[in-house]
Structure formats: C-alpha cells, structure tokens
Amino acid sequence: MWDKVRKALYNVCEWLEIVMAGAVLIGLVIAAAALWPELVYLWKHMMEPGVFLEYLDKVFGVVIGIEFMKMLCRPNSANIIEALIFLIARHMIVQATTPAEDLLAVISIGILFFFRRYMMATKPDKNNHVPPLLGAIRASRRQREEDADGYEDDMEDGGEYEDE
C-alpha cells in the first residue's frame with residue numbers, strides 16, 4: 001500500500017515540476033521580451049558607466065532561467081552543474097567582487113568543469129559498473145593524445161582535420 005502512495009506522490013511531483021517549468025517558461029518569455037526596451041536604453045546611454053553591467057545582469061537572469069528550466073525538465077547532474085557555472089559566472093562578472101572572491105569563483109568553476117568532464121567519463125555501464133576515476137582520466141588523456149596525433153598527421157599530409 002505504501003508503495004502505491006509513494007508512486008502516486010512521485011507522479012504528482014513530476015507533474016508539478018512540469019507545471020513549474022511552464023511557469024518558468026512564461027517568465028522567461030516575459031523577461032526576454034523586456035530585454036528589447038533595455039537594449040534600446042543601452043544604445044542611447046552606452047557611454048554611461050554601469051549601464052552595460054545592468055543589461056548584462058538582466059541577460060544573465062534570462063540565461064540562468066533557461067538553465068533552471070532545463071534542470072526542471074531533465075533533472076540530471078550535468079544540467080545542475082551548468083546552472084551552477086552560470087550562477088557563479090554571473091556573480092563574478094556583474095557584481096563588484098574582491099580579488100579573493102574572483103579567485104574563489106574561478107576555482108569553483110574549475111572544480112565544476114572537472115566534475116562535469118569526468119562525471120561523463122565515469123558513467124556506469126549497462127551492468128552498473130562504474131570505472132575508476134583514475135582509469136577514466138587516463139583513457140581521456142589517451143584519447144586526446146590520439147586526436148592530437150591524428151590532427152598533426154593530417155596537417156603533415158596537407159589535408160584538413162575533420163572532427164567526427
């Protein structure tokens with residue numbers, strides 16, 4: 001009986017997520033439409049200090065809203081990390097920060113990129129076996145070296161390098 005209740009609550013929560021994603025979408029459309037008058041204001045007052053940062057703040061708000069909507073529609077770790085990267089970048093670019101805060105933001109973004117990169121390399125296989133992180137790092141490094149060698153060989157032959 002409790003399993004049925006849990007499943008029903010889970011389904012309700014999924015529907016609520018979709019409803020909230022729709023509400024976020026409506027807000028994004030309104031916010032994107034509100035950017036046009038801001039763009040005209042930016043054009044007229046482009047020489048005034050701080051006007052561009054205000055416009056950039058509004059643009060970042062829309063971008064972060066898009067990432068949030070993606071996170072609601074497909075909740076996975078990659079979407080969450082992308083949203084966090086945009087949030088940190090927005091704070092670092094738009095806000096007046098100290099050099100120490102900038103350093104922490106850059107380190108944070110680097111850590112998030114590391115997790116994003118190697119999370120994909122350590123995905124579980126069909127039997128739910130997760131490869132070790134160091135093995136995934138070595139495999140990724142080998143693949144990059146092979147790609148670079150193939151690029152150099154193609155350039156020596158006078159051909160063009162094609163990405164697959």
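Structure's up top.
Computed from a predicted model, the values in this text were never measured in an experiment. (Residues numbered from 1 in each chain as written. Predicted model: local features only at pLDDT ≥ 70, side-chain atom pairs only at ≥ 80, totals over all residues. Heavy atoms only, no water.)

Trainee: Could you clarify how one ought to interpret the packing of helix 1 (residues 2-44) against helix 2 (residues 51-73) in this entry?
Mentor: Where helix 1 contacts helix 2, the two axes come as close as 9 Å, and the packing angle between them is 160°. In terms of orientation, helix 1 lies roughly antiparallel with respect to helix 2. Handedness of the crossing formed by helix 1 with helix 2: left-handed. The residue makeup of the contact of helix 1 with helix 2, split by class, is 21 nonpolar, one polar and three charged. (Axes fitted to C-alpha atoms, helices over the stretch in contact; angles between N-to-C directions. Helix = DSSP H or I, 4+ residues; strand = E, 2+ residues; numbered from the N terminus. Parallel < 35°, antiparallel > 145°, perpendicular 65-115°, else oblique. Left-handed = near helix turned anticlockwise from the far one by under 90°. Nonpolar A, V, L, I, M, F, W, Y, C, P; charged D, E, K, R; others polar.)

Trainee: Would you mind going over the nonpolar core with me for this structure?
Mentor: When a protein is soluble and globular, its nonpolar side chains tend to lie buried together. Core analysis: the biggest nonpolar cluster contains nine residues, these being Ala21, Val24, Leu28, Leu35, Leu42, Val51, Tyr55, Val62 and Leu72. Those elements giving two or more residues to this core turn out to be helix 1 and helix 2. At five residues, the largest contribution of residues to this core is made by helix 1. Those residues in contact with Val62, other than ones at most four positions away along the chain, are Leu28, Ala31, Ala32 and Leu35. One finds Ile81, Ile85, Ile109 and Leu112 within the second-largest nonpolar core, a separate group that totals five residues. (Core = buried A, V, L, I, M, F, W, Y, C linked by side-chain atoms within 4.5 Å. Buried < 20%, exposed > 50% of the residue type's maximum accessible area, 1.4 Å probe, protein only. Contact = heavy atoms within 4.5 Å.)

Trainee: It is not clear to me how the pattern of salt bridges should be interpreted in this structure. Could you clarify?
Mentor: Oppositely charged side chains are able to pair whenever their charged atoms sit close together. The full count for this structure, using the stated rule, is four salt bridges. Where Asp3 meets Arg6, a salt bridge forms, and the shortest distance between an N and an O atom there is 3.2 Å. With Asp3 and Arg6 both in helix 1 and three residues apart, this pair spans about one turn of that helix. Exposure remark for Arg6: the relative accessible area of 56% places this residue in the exposed category. Linked by salt bridges that have partners in common, Glu67, Lys70 and Glu82 make up one network. (Salt bridge = Lys/Arg side-chain N within 4 Å of Asp/Glu carboxyl O.)

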